[in-house]
Amino acid sequence: MKLVLATGNKGKLREFRQMCQDEVVAFSDLLGAFDIVEDGATFAENALIKARTIYKKLKETYPSGNYFVISDDSGISLPVLDGAPGIYSARYAGEGANDKDNLYKLINAVKAKGLKETPAYYTAAIAIVSQYGEYVVHGWMHGKVIDKVRGDKGFGYDPMFIPSGFEKTLGELDDEVKSKISHRGKALALAKPIIQMLRRKDIH
Ligand SMILES: O=P(O)(O)OP(=O)(O)OP(=O)(O)OC[C@H]1O[C@@H](n2cnc3c(O)ncnc32)[C@H](O)[C@@H]1O
Ligand SMILES: [Mg+2]
């Protein structure tokens, strides 16, 4: 059974590949790249929208293929901004905004509150869609954001995020360290037994 990742985000793909023993195929390698409208009201809804869309297209394109689809919907929330950008993290600086636009908009929002740092947390919802059913799990990472960029590792908001218990930003920490403590790593730890269960069902 093939594990297909329903993301167009290269940073997520890199982290999933590093965290999964199984081979992970990007959906664009099988279907070509395209955008999916993420109009759900929650991380879980958006994760399901992405996984269902790719599962349906795979079924249409490769009817006899054997695969299940995993997606990740995630974002960063700041209590001082009433939870923003939250599920809108990818388009915080507007439709078509890139990681840098979003990062600097958030830095400016922190500065506009007269703050040098403030609590923040990442959320990830991972959805799994397969012929045996649909599943969603969540993970969180708490910490704080600062009013500047430090380091160039990770992706997205990582250069301004310092996880609880650390002095460095995720821009300064390696992927291996991030994966052990991240929202994505924690959600994937819950997804792994489901993946094992699906593989067992598939054999029997
Ligand atoms: O929807 P897909 O194709 O998976 O890719 P995306 O980048 O659009 O992903 P989301 O819709 O889930 O939006 C997530 C946003 O939150 C940010 N984000 C999520 N996880 C992150 C992480 O681990 N580190 C830094 N930023 C993260 C990311 O940069 C995006 O701006
Ligand atoms: Mg997206």
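Structure shown above.
From a predicted model like this one, the values you see are computed outputs, not experimental measurements.

Trainee: Account for the nonpolar core, naming residues and giving values.
Mentor: Of all hydrophobic cores here, the largest spans 19 residues; its most connected members are Phe16, Phe68, Ile70, Ile126, Ile128 and Leu188. Mapped onto this core, the elements with two or more residues apiece are strand S1 (2–5), helix H1 (10–19), strand S2 (24–26), strand S3 (67–77), strand S4 (117–130) and helix H6 (183–203). Once you skip the residues sitting within four places of it in the chain, Ile70 turns out to touch Leu3, Val4, Leu5, Ala6, Phe16, Ile126, Ala127, Ile128 and Ile195.

Trainee: So what's going on with the packing of aromatic side chains? Residues and values would help.
Mentor: Throughout the structure, instances matching the rule amount to three aromatic pairs. Here Tyr122 and Phe161 contribute two aromatic rings whose centre-to-centre distance is 4.7 Å and whose plane-to-plane angle is 55°, an arrangement assigned as tilted. Linking Tyr122 in strand S4 with Phe161 in strand S6 (residues 161–163), this pair joins segments that are 39 residues apart in sequence. Since its relative accessible area comes to 6%, Tyr122 is described here as buried. Residue Phe161 is classed as buried on the basis of its relative accessible area of 0%. Lying over the aromatic face of Phe34, Lys57 brings its terminal NZ or CZ to 5.1 Å of the ring centre.

Trainee: With reference to specific residues and values, describe the pairing of strand S5 (residues 133–146).
Mentor: Note that S4 and S5 share 14 bridges and pair antiparallel. In the strand pairing of S5, Glu117 is matched with Ile146. Hairpin connection of S4 to S5: two residues between the antiparallel strands. Judged from the three bridges that link them, S5 and S6 form a sheet pairing that is antiparallel. Within S6, the position partnered with Gly143 by the bridge is Pro163.

Trainee: An account of the environment of His183 is requested, with residue identities and associated values reported.
Mentor: For His183, the location among the structural elements is in helix H6. In this structure the C-alpha to C-alpha distance between His183 and Tyr132, which are 51 residues apart in sequence, comes to 26 Å. Apart from the residues lying within four places of it in its own chain, the contact partners of His183 are Ser74, Tyr122, Thr123, Ala124, Gly139, Trp140 and Met141.

Trainee: Quick rundown of unusual backbone geometry? Include the residues and the values.
Mentor: Following Ala84, the chain continues to Pro85 via a peptide bond in cis, the omega torsion being -5°. Mapped onto the fold, Pro85 is located in the loop between S3 and helix H4 (99–112). Phi is positive for Asp82, which is not a glycine, with a value near 55°. Mapped onto the fold, Asp82 is located in the loop between S3 and H4. Overall, the relative accessible area of 78% leaves Asp82 in the exposed class.

Trainee: I'd like to hear about the sheet that holds S2, residue by residue, with values.
Mentor: With respect to topology, six strands assemble into an open sheet ordered S2-S1-S3-S4-S5-S6, the strand pairing being mixed. The sheet is open, and its two edges are formed by S2 and S6, each paired on a single side. Strand-to-strand, the axes of this sheet are offset by a mean angle of 35°, without reference to chain direction. Sheet contacts for H1: S1, S2, S3 and S4; angle to S2, the most-contacted strand, approximately 165°. Strands S1, S3, S4 and S5 of the sheet are contacted by helix H3 (residues 43–61), whose axis makes an angle of about 155° with S3.

What counts, and at which threshold
Residues numbered from 1 in each chain as written. Chains lettered and ligands numbered in written order. Predicted model: local features only at pLDDT ≥ 70, side-chain atom pairs only at ≥ 80, totals over all residues. Heavy atoms only, no water. Core = buried A, V, L, I, M, F, W, Y, C linked by side-chain atoms within 4.5 Å. Buried < 20%, exposed > 50% of the residue type's maximum accessible area, 1.4 Å probe, protein only. Helix = DSSP H or I, 4+ residues; strand = E, 2+ residues; numbered from the N terminus. Contact = heavy atoms within 4.5 Å. Phe/Tyr/Trp six-rings, centres within 6.5 Å; stacked < 30°, edge-to-face > 60°. Lys NZ or Arg CZ within 6 Å of the ring centre and 35° of its normal. Pairing = 2+ DSSP bridges. Axes fitted to C-alpha atoms, helices over the stretch in contact; angles between N-to-C directions.

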